[in-house]
Amino acid sequence: MEGGVSAVRSGSQWAEEAYEAIAPVYDDFTAHHDYELWLGNILPKARSHGLRGRRLPDVGCGAGKSFLPMLERGWEVTACDISPSMLELARAKAGDAVRLSVADMRKLPIYGAFDLVWALDDAVNYLLSGEELGEALRGMRANLAPGGLLMFDVNTLQAYRTF
């Protein structure tokens, strides 16, 4: 607090600061995530809902662990995150096999028309209002090809309290 006025940070500033700070230990922190198992369950469901094609933007990709199995499955991946440090980790894993960019999901650029757009690992939990969620979902929708699917997950306070 300076001069009696507290500084108010936006959701994007909090998220960027948090992920910049945790980047050095993020892979250890999420070592228990089994993306192969998770995707083995998710992708057949997505196909049953009409998923066609193999083009994916990973919104809030973090260190890239969620998109690596998709690359191994032959998918064309574009990925973005608000944290440059997390993207450095993703680049170290994927090299030039994926297009990476720094982006705030609330102001998501149009990267193209994709078959599946996702924001996994609770990325939308950093949105602080219904308006921010709407902005993010509109940006993701703008990146969908006709007939494409949007997939995201969220956690509840109960999940965080009992993890």
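For clarity, every value in this text was computed on a predicted model and none was experimentally measured.

Chemist: What's the story with the pairing of strand S4 (residues 114-119) in this structure? I'm lost.
Modeler: On any regular strand, side chains alternate: one points to one face of the sheet, the next to the other face. Most of S4 sits inside the fold, with six of its six residues counted as buried. Strand direction decides the pairing type here: S4 and strand S5 (residues 144-152), joined by five bridges, are parallel. In the sheet register, Trp-118 faces S5, and the bridge partner there is Met-151.

Chemist: I tried to follow the nonpolar core on my own but got confused; where do I start?
Modeler: Within soluble globular proteins, side chains that are nonpolar tend to cluster in buried spots. Of all hydrophobic cores here, the largest spans 23 residues; its most connected members are Phe-67, Met-70, Val-77, Leu-100, Leu-116 and Trp-118. Element by element, the count of residues in this core is highest for helix H3 (residues 35-48), at four residues. Non-local contacts of Leu-100, meaning those with residues more than four positions away in its chain, are made with Cys-61, Phe-67, Ala-79, Leu-87, Ala-90 and Arg-91. Judged by nonpolar contacts, the second largest core, of 14 residues, contains Ala-123, Leu-127, Ala-136 and Met-140.

Chemist: Just to check I follow, could you spell out H3 for this structure?
Modeler: Side chains of residues three or four places apart in an α-helix project in the same direction, reflecting 3.6 residues per turn. The first and last C-alpha atoms of H3 sit 20 Å apart over 14 residues, in line with the 20 Å expected at 1.5 Å per residue. Within H3 the residues assigned to the buried category are Tyr-35, Leu-39, Ile-42, Leu-43 and Ala-46. Considered in projection along H3, the buried side chains sweep an arc of 105° and stay on one side of the axis. Away from its buried face by more than 90 degrees, H3 exposes Leu-37, Asn-41, Lys-45 and Ser-48. In this fold, the buried residues of H3 make contact with helix H4 (68-72), S4 and S5. N-capping of H3 is provided by Asp-34, with a side-chain oxygen placed 3.4 Å from the backbone N of Glu-36. The first or second residue beyond H3 is Gly-50, which carries a positive phi of 100°.

Chemist: So what exactly am I meant to see when it comes to unusual backbone geometry here?
Modeler: In most cases, non-glycine residues show a negative phi, while peptide bonds are predominantly trans. If you check the backbone angles, Asp-121 has positive phi at about 60° while not being a glycine. If you trace the backbone, Asp-121 turns up in the loop between S4 and helix H6 (130-141).

Chemist: Would you take a moment to explain the pairing of strand S2 (residues 76-81) for this structure?
Modeler: Along S2, five of the six residues are buried, which leaves the element largely enclosed by surrounding structure. Across five bridges, the pairing between strand S1 (residues 55-59) and S2 is parallel. Counted as the bridge partner of Arg-55 is Glu-76 from S2. Of the pairings in the sheet, the one linking S2 to strand S3 (residues 98-102) comprises five bridges and is parallel in character. Directly across from Asp-81, in S3, lies its bridge partner Val-102.

Quick notes on the rules
- Residues numbered from 1 in each chain as written.
- Predicted model: local features only at pLDDT ≥ 70, side-chain atom pairs only at ≥ 80, totals over all residues.
- Heavy atoms only, no water.
- Buried < 20%, exposed > 50% of the residue type's maximum accessible area, 1.4 Å probe, protein only.
- Helix = DSSP H or I, 4+ residues; strand = E, 2+ residues; numbered from the N terminus.
- Pairing = 2+ DSSP bridges.
- Core = buried A, V, L, I, M, F, W, Y, C linked by side-chain atoms within 4.5 Å.
- Contact = heavy atoms within 4.5 Å.
- Expected span 1.5 Å × (residues − 1).
- Arc of directions from axis to C-beta.
- Polar contact = N/O pair within 3.5 Å; in protein donor to acceptor, adjacent residues only side chain to side chain.

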